[in-house]
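So you can see what is in the structure, the chains are spelled out below.
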Amino acid sequence: MTSVLNIVKVGIADLNIVKAPDLIRTTGLGSCVGVVIYDKARRIAGMAHVMLPDSALGKQGLMNKAKYGDTAVKELTEILVANGARLAALQAKLAGGAQMFQFSGSSDVLRIGPRNVESVLLALKKLNIPVTGQDVGGNNGRTIEFSPETCILSIRTINKGNSEL
Amino acid sequence: MLSINEISDLKLDILKEIGNIGAGHAATSLSALLNRKIDMRVPGARIVSFEEMMNLAGGAETVVASIFLRIEGDAPGSMFFILSIAQAERFVQQLLGDKSFTLAEPPYDELGVSAFKELGNILSGSYLTALSEFTKLSLYPSVPGVGIDMAGAIISYGLLEISQTSDFAIVIDTILKEEDTENNPAGDVKGHFFLLPDPESFEIIFQSLGVTSND
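About the thresholds
Residues numbered from 1 in each chain as written. Chains lettered and ligands numbered in written order. Predicted model: local features only at pLDDT ≥ 70, side-chain atom pairs only at ≥ 80, totals over all residues. Heavy atoms only, no water. UniProt positions renumbered as here; feature names shortened; annotations may be inferred. Contact = heavy atoms within 4.5 Å. Buried area = accessible area lost by both parts, 1.4 Å probe. Salt bridge = Lys/Arg side-chain N within 4 Å of Asp/Glu carboxyl O. Pairing = 2+ DSSP bridges. Helix = DSSP H or I, 4+ residues; strand = E, 2+ residues; numbered from the N terminus. Axes fitted to C-alpha atoms, helices over the stretch in contact; angles between N-to-C directions. pLDDT = per-residue confidence, 0-100. Buried < 20%, exposed > 50% of the residue type's maximum accessible area, 1.4 Å probe, protein only.

Chain B carries the name Chemotaxis protein CheC in an unreviewed UniProt entry, which gives Mesobacillus foraminis as its organism.

Per an unreviewed UniProt entry, chain A goes by Probable chemoreceptor glutamine deamidase CheD and derives from Mesobacillus foraminis. For the record of chain A, the UniProt heading Catalytic activity (unreviewed entry) holds the text "L-glutaminyl-[protein] + H2O = L-glutamyl-[protein] + NH4(+)".

*Asks:* What exactly am I supposed to notice about the interface of chain B and chain A here?
*Replies:* For interface size, the figure often reported is the accessible area lost on association. With 32 residues of chain B at the interface, the matching set in chain A holds 35 residues. Between chain B and chain A the total buried area reaches about 2,700 Å² when both faces are included, carbon and sulfur atoms providing 63% of it. The largest per-residue losses of area from chain B upon contact with chain A belong to E61, Y157 and Q164 of chain B, which jointly make up 27% of the total buried on that side. Our count for the chain B to chain A interface comes out at three salt bridges. Note that E61 of chain B and R156 of chain A form a salt bridge whose closest N and O atoms lie 2.9 Å from each other.

*Asks:* Looking at this structure, I do not really get the sheet that holds strand β2 (residues 14-19) of chain A. What am I missing?
*Replies:* Whether parallel or antiparallel, the strands of a sheet pair through hydrogen bonds between backbone atoms. Residue and element names in this part refer to chain A. Pairing within the open sheet is mixed, and its five strands lie in the order β2-β5-β4-β6-β7. Either end of the sheet is taken by a strand with one partner, and the two such strands are β2 and β7 (131-136). In this sheet, neighbouring strand axes are inclined to one another by 15 degrees on average, regardless of whether the strands run parallel or antiparallel. Sheet topology places strand β4 (residues 33-39) next to strand β6 (residues 91-96); six bridges connect them, and they run antiparallel.

*Asks:* Can you help me understand the confidence of the model for chain B in this one?
*Replies:* The predicted model of chain B has a mean per-residue pLDDT of 84, with 89% of residues at 70 or higher. Mean pLDDT per element in chain B: strand β1 (residues 38-49) of chain B is the minimum at 79, and strand β2 (residues 63-73) of chain B is the maximum at 92.

*Asks:* Whenever I open this one, the pairing of β2 of chain B confuses me. Can you help?
*Replies:* Sheet faces and side chains relate simply in a regular strand, where the side chains alternate between the two faces. Residues and elements named next belong to chain B. β2 sits mainly inside the fold: eight of its eleven residues count as buried. Where β2 and strand β5 (residues 145-150) come together, six bridges link them in antiparallel fashion. Counterpart to A65 in the pairing with β5 is I148. Pairing geometry for β2 and strand β3 (residues 77-84), over eight bridges, is antiparallel. Residue pairing in the sheet places L69 in a bridge with M79 of β3. Once β2 ends, the chain turns through three residues before running back antiparallel as β3. Bridging between β2 and strand β4 (residues 139-141) involves three bridges; their strand directions are antiparallel. The residue bridging E72 from the neighbouring strand is Y140, located in β4.

What follows is the structure in structure tokens.
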């Protein structure tokens with residue numbers, strides 16, 4: 001019997017979870033950060049595509065938790081735990097947070113990439129989730145894919161080749 | 001502040017007209033610059049999710065050549081001029097009269113990239129000048145940034161302002177087409193102008209044109 005590998009797609013300002021052998025993927029990360037949280041032994045992982053660092057930036061009533069670094073990490077962790085992952089066993093990998101355009105004298109919003117990374121790292125730290133790999137910063141876009149089976153995060157770029165974490 | 005969900009068809013039509021005027025001027029500039037005919041497809045003003053916004057440019061992972069600039073002044077916003085890699089190469093080759101220019105892999109030829117940036121500068125400048133005259137608002141472009149990368153990585157930059165208030169953007173999209181030629185038999189596009197006003201700019205634009213918030 002051949003099994004078909006499904007790839008769960010995560011959109012921008014979106015999050016989802018996956019169980020082995022399926023894969024989870026998000027495309028075109030620029031200043032956004034893709035964060036993967038996983039329980040290796042339980043073979044379950046979740047991914048969020050974070051756009052903005054802090055939910056305090058949000059000016060809307062009904063909030064999309066996946067959009068902000070602080071709320072996305074928390075929400076993803078809760079969903080993972082509700083689906084059988086163990087909080088104490090969780091680990092994380094992240095990629096993205098690039099600075100796609102260089103402007104001089106620019107507003108704070110243009111430094112959003114590094115701020116997204118900081119917020120995700122802080123949120124992970126608050127939950128005591130160790131970071132086992134990261135590929136952040138630079139000025140190139142990234143597409144990432146994670147396998148809860150191997151716990152490898154594959155990173156594809158246009159100009160800087162491909163790598164694995 | 002205007003809520004995106006409450007925007008009327010009349011207002012979308014006004015935004016569409018803005019795209020028409022702006023991109024019309026830009027297309028004329030491009031025509032003059034390249035000495036060939038450039039067609040413009042009737043523009044659209046649409047309310048799109050962020051994901052749909054990426055799809056307008058061919059999908060988040062599609063590689064594009066882009067110029068990004070911030071609009072400063074009375075009605076701030078973001079503007080993109082987005083081309084397929086092949087189209088950007090063709091424009092630069094025509095501008096420089098050098099068929100060897102390629103964007104296949106970095107490092108890119110500095111002169112070519114600078115020509116591309118200048119192209120974006122001229123086009124966005126004429127877009128904004130037209131818009132500024134039409135609305136009597138003072139609008140001026142920041143120094144443009146060039147990005148050759150995945151569309152998702154590039155366009156998400158222009159969504160940062162609006163993403164703080166909404167999960168949807170209002171985009172004024174105009175498609176540029178080069179006329180059919182030997183090298184370009186299908187008359188393929190493609191250039192996109194995306195104008196993404198910041199959330200607080202919509203009311204300012206509408207007011208400048210005498211449209212009240214009840215229309």
